[in-house]
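What the coordinates show
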Amino acid sequence: MKTIIVSRSNGSSYSCSETNTQTLLKEPHRHPGVFVARGKEDMLVTKNLTPGESVYGEKRISVESSAANTGAVNGEAAPATKTEYRVWNPFRSKLAAGILGGLDEIFVRPGAKVLYLGAASGTSVSHVADVVGPTGTVFAVEFSHRSGRDLINMATHRTNVIPIIEDARHPLRYRMLVSMVDVIFADVAQPDQARIVGINAHLFLKVGGGVVVSIKANCIDSTAAPEAVFAREVTKLREERIKPLEQLTLEPFERGKPYQWLVWPT
């Protein structure tokens, strides 16, 4: 079991042609399923699982492959194809901020099964769904019914997302909906976050699986110094047989807020 503690927004899209030097070029990121769009400003992007649709008004980029690169079919040149990508805003997603911050491993990859605790309205979940693709699954748990409505609406267009409106403190309530998973991502911002992560990991995480946890100090103890809060959380995670390997802040995307850690079980 491995674990991590860790644009315009008008929805417009435009085409990028390989022959147009003024537009963007796309290349794979070192994390599978994540890409970088290179242009005047480099942007983190994911391949849109539902082309033509945005989730939160994010910018979309349509990259065209020329017929010369698609090969020939029955002696005739194949038509050019377009692939749409969505810009992954690190100011709205802690996971994107962690990737840009240099996380060595996120455990989220094509075909993976992900348990996402604290899914909110589905902004980050939608990008995770893009990364795991149609062969993967995201079990998205959110306690708030208001945010849950947006999450459910997003999931109607992304069939690899299973929305679960339930309290992550009580995983037995949704045990019949969740299979064993490859990775758990937790962004619940609760004082007992370490316990929540632990009980879900013991129930659903595969042997050799990973965990990504975002820790926001003032949501756990607003009276203590952030360093002391983080140290206590590490101790609690160790008690859950999880030990941190890597720690990073999310600045400048989350100033003075969460840390993320890469952790493994003992």
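Residues numbered from 1 in each chain as written. Predicted model: local features only at pLDDT ≥ 70, side-chain atom pairs only at ≥ 80, totals over all residues. Heavy atoms only, no water.

1. Things to note about the overall build of the chain
The test is simple: The helix and strand labels rest on DSSP assignments: H or I over at least four residues marks a helix, E over at least two residues marks a strand, and numbering proceeds from the N terminus. The classification of residues rests on relative accessible area computed with a 1.4 Å probe and restricted to protein chains. Under 20% of the type maximum is buried, over 50% is exposed, and intermediate values are partly exposed. To measure how exposed things are, a 1.4 Å probe is used in the Shrake-Rupley method; for residues, cover is taken only from the protein chains shown.
Helix and strand content of the chain: seven helices and 16 strands. By the burial criterion, 49% of the 266 residues in the chain qualify as buried. Here the chain has roughly 12600 Å² of accessible surface; of this, 50% comes from carbon and sulfur atoms.

2. Notes on helix α2 (residues 94-101)
Most of α2 sits out of view: six of its eight residues are buried. Where α2 ends, the next residue or the one after it, G102, has phi of about 105°, a positive value.

3. Here's the deal with the pattern of salt bridges
Using the following cut-off: Salt bridge, as applied in this entry: a Lys or Arg side-chain nitrogen positioned within 4 Å of an Asp or Glu carboxyl oxygen.
Within the structure shown, the criterion is met by 14 salt bridges. Ionic pairing is found between R86 and D130, a salt bridge with its closest N-O pair at 2.5 Å. You can see R86 sitting in strand β9 (residues 81-87) and its partner D130 sitting in helix α3 (residues 123-132), a full 44 residues away along the chain. In this pair, the class of R86 matches that of D130, namely buried. Notably, a salt bridge pairs D187 with K94, separated by 3.2 Å at the nearest N-O pair.

4. Quick notes on the packing of aromatic side chains
Test applied: Note on ring pairs: Phe, Tyr and Trp rings are taken, using the six-membered ring of Trp, and paired if centres are within 6.5 Å. Classes follow the plane angle, with under 30 degrees stacked, over 60 edge-to-face and the rest tilted.
Applying the stated criterion across every chain, the model contains three aromatic pairs. Aromatic side chains F35 and Y85 sit 5.3 Å apart centroid to centroid with 70° between the ring planes, which places their arrangement in the edge-to-face category. Pair noted here: F35 is in strand β4 (residues 35-38) and Y85 is in strand β9, with a separation of 50 residues, a long-range link. Each of the two residues, F35 as well as Y85, counts as buried. Considering the side-chain rings of Y174 and F204, the 5.9 Å spacing of their centres and the 20° angle between planes classify their relative orientation as stacked. Note that Y174 is positioned in the loop between β12 (161-165) and β13 (181-186) and F204 in helix α5 (residues 193-204), a separation of 30 residues in sequence. For Y174, a relative accessible area of 1% gives the class buried. A relative accessible area of 3% means that F204 is categorised as buried.

5. Examining the side chain of H31
So the rule is basically this: We call two residues in contact whenever any of their non-hydrogen atoms come within 4.5 Å of each other.
With respect to the element layout, H31 can be found in the loop between β3 (25-28) and β4. Among residues more than four places away in sequence, those in contact with H31 are I99, L103, D104, E105 and I106.

6. Topic: the side chain of N160
Selection criterion: N or O atoms closer than or at 3.5 Å make up a polar contact, with two conditions inside protein: a donor-capable atom paired with an acceptor-capable one, and, for residues adjacent in sequence, both atoms drawn from side chains.
For N160, the location among the structural elements is in the loop between α4 (145-155) and β12. A polar side-chain atom of N160 sits 2.9 Å from the main-chain carbonyl oxygen of G133. Those residues in contact with N160 that lie beyond four places of it in its chain are L49, A129, V132, G133, P134, G136, T137 and V138.

7. A word on the environment of F91
Among the structural elements, F91 can be located in the loop between β9 and α2. Residue classification places F91 among the exposed residues on the basis of a relative accessible area of 52%. Counting along the chain gives 163 residues from F91 to E254, while the straight-line C-alpha distance between them is 7.1 Å.

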